[in-house]
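# Close look at the chain arrangement
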Amino acid sequence: MTAPIAHFNGKLTPLDQISISPLDRGFIFGDGIYEVVPVYGGTMLRAREHFERLQRSCDEIRLQNPHTTDEWIRLSQELLKHHPGDQSIYIQVTRGAPKTRDHVMPKGLTPTVFMMCYPRVPPTREQVENGVACVTHRDFRWEKCNIKSTSLLGNVLARQVSADVGAVETILIRDGHVTEASASNVFVVKNGVVAAPPQDHLILLGITYELLVRLASEGKVKLEIRPITEAELRAADEVWLSSSTKEVLAVTTLDGKPVGNGKPGGAFRRMHALFQEHKAALKAKGAVAA
Ligand SMILES: Cc1ncc(COP(=O)(O)O)c(C=O)c1O
């Protein structure tokens, strides 16, 4: 079987022919940033927003973004010619490969650029209809969670806490408040009102989170952005996860106890329908990026 085509430093290259220096700062320090753009039938969902977040991540780590948003979109389109259908595009930029290992940021390095595609695996029908199980854990990550950094050890350790008990996500609590989950954002619903945690440095501002906020406003769903206490999480009628991979999913079990009545709630079903309508409209338009 031939290796899938990826993008490496300006060239389309079979994935198995790409080699990266062991001194690359992405390898040595996790000194890089990344993005994941969902693609539905060839159309990138919210590509511009993803590449604008990539710019913000670059700014936060003082890395010169090697491409403009338009260039990133064009590179993604080129790659997508080799990957039809529903895909996720993974984009990683590291600070590059210096000659020695030194924490100090070297001057004049050329960033390493890597992009690949893999088939999008949407949530199963079972997960959408019955919801998923999550556990909670103390948020032991750093204080710059707004950066989509490749240094994901904290998130990996957090995710494993749920994987170990067969759950889908680990919802994180910092100083008595819900931040996010290991690879998703979190929403809670009480008496029909949706709440989302503040868009600060303690969470990654999800592109899906932003889309849900917009869809809620257009769909006349009441949504507040404000701190959410752990007590509110545990007393919520509904809890949702959102991400480019999970879209929006209901959490129906938290730490082994049912959330609300243990079934995906009415607010979830409304938001899920709004999301599916948004996707269908996008596919119908047949645009390359929306
Ligand atoms: C820590 C974290 N929070 C939130 C998200 C959701 O972001 P998005 O909706 O842009 O996929 C992700 C996605 O990978 C993530 O890793």
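In what follows, the accompanying structure is described. (Residues numbered from 1 in each chain as written. Predicted model: local features only at pLDDT ≥ 70, side-chain atom pairs only at ≥ 80, totals over all residues. Heavy atoms only, no water.)

### Some details on empty space enclosed by the protein
Where empty space is left can be seen by rolling a probe of water-molecule size over the atoms. This is how the line gets drawn: Think of a 1 Å grid over just the protein atoms. A cavity is a set of points where a 1.4 Å probe fits yet cannot get out, a pocket is an open set with protein on both sides within 12 Å along at least five of seven lines, and lining residues have an atom within 4 Å of a point. Grid points are joined across faces, edges and corners, and a volume is the space filled by probe spheres set on the points. Here a strand is any run of E in DSSP of at least two residues, a helix any run of H or I of at least four, and the numbering for each starts at the N terminus. Under the grouping applied here, Gly and all other residues not named as nonpolar or charged are polar, the nonpolar ones being Ala, Val, Leu, Ile, Met, Phe, Trp, Tyr, Cys and Pro and the charged ones Asp, Glu, Lys and Arg.
On inspection of all chains with the given rule, the structure shows one cavity of 30 Å³ or more. Empty space within the largest cavity amounts to approximately 60 Å³. In terms of lining, the largest cavity is formed by P38, Y40, L45, R46, H50, I207, T208, L211, S243, S244, E247 and F275. Those elements that provide at least two residues to the lining of the largest cavity are β3 (32-40) and α6 (207-218). Per-element accounting of the lining of the largest cavity gives the leading share, three residues, to α6. For the lining of the largest cavity, a count of residues per class yields six nonpolar, four polar and two charged.

### Concerning the layout of surface pockets
Considered as a void within the structure, the largest pocket measures approximately 960 Å³ in volume. Residue lining of the largest pocket: 44 residues in total, with Y34, I147, K148, S149 and L152 positioned closest to the centre. Secondary structure elements with two or more residues in the lining of the largest pocket: β3, α2 (47-60), β5 (87-94), α5 (153-163), β9 (177-181), α6 and β13 (238-243). Its residues assigned to classes, the lining of the largest pocket shows 17 nonpolar, 17 polar and 10 charged.

### Brief notes about the pattern of salt bridges
What counts, and what does not: Throughout this description, the term salt bridge denotes a Lys or Arg side-chain nitrogen within 4 Å of a carboxyl oxygen of Asp or Glu. Whether a residue is buried, partly exposed or exposed follows from its accessible area with a 1.4 Å probe, protein chains only, as a fraction of its type maximum: under 20%, in between, or over 50%, in that order.
This structure, assessed with the given rule, holds 19 salt bridges. Between R141 and D139 there is a salt bridge; the shortest N-O distance is 2.8 Å. Among the ionic pairs, R141 bridges to E180, the shortest N-O distance being 2.9 Å. One end of the pair, R141, is in the loop between β7 (132-138) and α5; the other, E180, is in strand β9, and 39 residues separate them in sequence. One exposure class covers both R141 and E180, and it is buried. Connected via shared salt-bridge partners are D139, R141, R174 and E180.

### Topic: the packing of α2 against helix α3 (residues 69-80)
The cut-off we apply is this: Every angle, taken between N-to-C directions, lies between 0 and 180 degrees, and every axis is a line fitted to C-alpha atoms, over only the stretch in contact when it is a helix. In these notes the angle categories are as follows: under 35 degrees is roughly parallel, over 145 is roughly antiparallel, 65 to 115 is roughly perpendicular, and the rest is oblique. Each helix crossing is assigned a hand: it is left-handed if the near helix lies turned anticlockwise from the far helix by less than a right angle, otherwise right-handed if that turn is clockwise. We call two residues contacting when some pair of their heavy atoms lies within 4.5 Å.
With their axes 9 Å apart at the nearest point, α2 and α3 run at an angle of 120° to one another. Relative to α3, the element α2 lies oblique. With respect to the hand of their crossing, α2 and α3 are arranged in right-handed fashion. Note on element contacts: α3 touches α2 through T69, D70, W72, I73 and S76, opposite A47, R48, F51, E52 and L54.

### Describing unusual backbone geometry
The backbone phi angle of D175 is positive, close to 50°, even though this residue is not glycine. Tracing the chain through its elements places D175 in the loop between β8 (169-174) and β9. By relative accessible area, D175 is classed as exposed at 72%. Positive phi outside glycine occurs at E247, with the angle close to 55°. Assignment of secondary structure puts E247 in strand β14 (residues 247-254).

### Considerations on the pairing of β9
Just so we agree on the cut-off: Strands pair, by our definition, only if DSSP identifies at least two bridges between them.
Summarising burial for β9: four of the five residues are buried, a large majority. Pairing geometry for β8 and β9, over three bridges, is antiparallel. By the bridge assignment for β9, I173 is matched with V178. Between β8 and the antiparallel strand that follows it, β9, lie two residues; D175 among them carries a positive phi value of about 50°.

### Notes on the sheet that holds strand β1 (residues 5-8)
The strand order across the open sheet formed by six strands is β2-β1-β6-β5-β3-β4, and the pairing between neighbours is antiparallel. Of all the strands in the sheet, just β2 (11-14) and β4 (43-44) have a single pairing partner and so form its edges. With eight bridges joining them, β3 and β5 adopt antiparallel strand pairing. Counterpart to V36 in the pairing with β5 is Y90. Along the sheet face, α2 touches β3, β4 and β5 and points at about 175° away from the line of β3. Strands β1, β2, β3, β4, β5 and β6 (112-119) of the sheet are contacted by α3, whose axis makes an angle of about 45° with β6.

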